[in-house]
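Reading the structure
The lines below spell out each chain.
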Amino acid sequence: MTVTLLGCGGSAGVPQIGGEDGKGWWGACNSADPRNRRTRSSILIEGPGAGRLLVDTGPDLRSQLLACGVPAIDAVLYTHDHADHVMGLDEIRILNRLAGRPLEAFGTERTLAILKQRFDYAFLPSTGPVFFRPAVEPARLRAGDALEMAGHQVQTFLQDHAVMDTLGLRIGDFAYSTDLVRLPERSLALLHGLDTWVVGCFQRRPHTVHANLAQVLEWVQILRPRRTVLTHMGPDLDYGWLIANLPHGVEPGHDGMVLTLA
């Protein structure tokens, strides 16, 4: 199985709009290091013997799929309904054409309801094979459900994002956790025995709705995954600084990073 980090930035990306020259505000990130250029967080999970499962459709989706050479998608899982994770839903229109069908969209009842409010036309009967608007088939689930998505056996779990609940996912020895500040005990228990964990870590100092670096390292001490990769990083977390300061087994992700798992 391979997991591609399509994007590993926070809601505003890195660099953020602005800066003295109008070319972007980098914060503590070195603008000369291309690994600090971060689009909004999303991953792609594929094979072996299974399809391509896209997790979230952020506003950078088109450029991400082109940059990573992704030819098609089989299904989508939404972690939650915040704009930086859903506003690229319109790109599903071309993915419908490539697949020749509507795409299953997995999410909680709340997430799918919000998506239907914002993108009501995507939930109408499809216009295939032309697909002049995106077409999704809602597949409702509850946190804690285990089910098949695009041929992958996915275990979901609950995460606390302070302002709402989000979904984490585990497939075999891999898990993905973005947009969380706390993990319920039941969810933490589901994360033991991991080979690779991709986890959101927004900044060094504490944050009201996102895990900070100290919190993530505390979880790592409890769970002991072989490899931990940070995602959903803001302009406070420079790639070079992280490489120099993180403990063994913990590393920053970067856009386009490919993880290969047994």
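Here the residue numbering is sequential within each chain, running from 1 through the sequence in written order. Per-residue local features are limited, in this predicted model, to residues with pLDDT of at least 70; the limit for side-chain atom pairs, both in listing and counting, is 80 or more; totals at the level of whole chains, interfaces and linings are taken over all residues. With hydrogens and water stripped out, all remaining heavy atoms of the structure feed into the side-chain values.

1. With respect to the UniProt feature "domain: Metallo-beta-lactamase" (unreviewed entry) in the protein
UniProt positions are given in the numbering used here, feature names are shortened, and annotations may be inferred rather than shown by experiment. When the UniProt feature table is mapped onto this chain, "domain: Metallo-beta-lactamase" (unreviewed entry) is found at residues 39–232. Put simply, DSSP marks the helices as runs of H or I at least four residues long and the strands as runs of E at least two long, and each gets a number from the N terminus on. With 23% helix and 30% strand, the stretch residues 39–232 has end C-alpha atoms that lie 9 Å from each other.

2. Some thoughts on the sheet that holds strand β8 (residues 152–160)
For two strands to count as paired, DSSP must find a minimum of two bridges between them. Reading across from one edge, β7-β8-β9-β10-β11-β12-β13 is the order of the seven strands in this open sheet, with mixed pairing throughout. Two strands close off the open sheet at either side, each with one partner strand: β7 (146–149) and β13 (250–252). Strand after strand, the sheet turns through a mean of 25° between neighbouring axes, direction not considered. As judged from the six bridges shared by β8 and strand β9 (residues 165–171), these two strands associate in the antiparallel manner. Angles here are taken between N-to-C directions and fall from 0 to 180 degrees, while the axes themselves are lines fitted to C-alpha atoms, restricted in helices to the stretch in contact.

3. Examining the sheet that holds strand β2 (residues 42–46)
Read across the open sheet, the seven strands follow the order β6-β5-β4-β3-β2-β1-β14; overall the sheet is mixed. The open sheet is flanked by β6 (136–141) and β14 (258–260), the only strands paired with a single partner. Across the sheet, the mean angle separating the axes of adjacent strands is 20° when strand polarity is ignored. Pairing analysis gives three bridges linking strand β4 (residues 75–77) to strand β5 (residues 103–108), with the strands arranged parallel. Paired with valine 76 across the strands is alanine 105, a residue of β5. Its contacts with the sheet place helix α3 (residues 92–99) against β4, β5 and β6, and it is angled at close to 130° to β5. Note on contacts: a residue pair qualifies if any of its non-hydrogen atoms lie within 4.5 Å across the two residues.

4. Some words on the nonpolar core
Ranked by internal contacts, the top residues of the largest apolar core, which has 47 residues, are Ile45, Leu169, Phe174, Trp197, Trp219 and Leu230. A total of five residues in this core trace back to one element, the largest contributor, which is helix α6 (residues 213–223). When near neighbours in sequence (up to four residues on either side) are disregarded, leucine 169 contacts Ile45, Val55, Leu77, Val154, Gln155, Thr156, Phe157, Phe174, Ala175 and Tyr176. In terms of nonpolar packing, the next biggest core, distinct from the first, is built from 21 residues, Val76, Ile92, Leu103 and Phe119 among them. The nonpolar core is taken to be a set of buried Ala, Val, Leu, Ile, Met, Phe, Trp, Tyr and Cys residues, with the residues joined through side-chain atoms within 4.5 Å. Classification of residues uses two cut-offs on accessible area relative to the type maximum, computed with a 1.4 Å probe and protein chains only: under 20% is buried, over 50% is exposed, and between them is partly exposed.

5. Notes on the packing of aromatic side chains
Side-chain rings of Phe, Tyr and Trp, where Trp is taken by its six-membered ring, are said to pair if the distance between their centres is within 6.5 Å; with planes under 30 degrees apart they count as stacked, over 60 as edge-to-face, and otherwise as tilted. Scanning all chains against the criterion turns up two aromatic pairs. With a centroid separation of 6.3 Å and an interplanar angle of 80°, the aromatic rings of phenylalanine 119 and tyrosine 121 are classed as edge-to-face. Between the aromatic rings of tryptophan 197 and tryptophan 219, the centroid separation amounts to 6.2 Å while the plane-to-plane angle is 55°, which identifies the pairing as tilted. Placement of tryptophan 197 in strand β11 (residues 196–200) and of tryptophan 219 in helix α6 is noted, with a sequence separation of 22 residues between them. The exposure class assigned to tryptophan 197 is buried, which follows from its relative accessible area of 0%.

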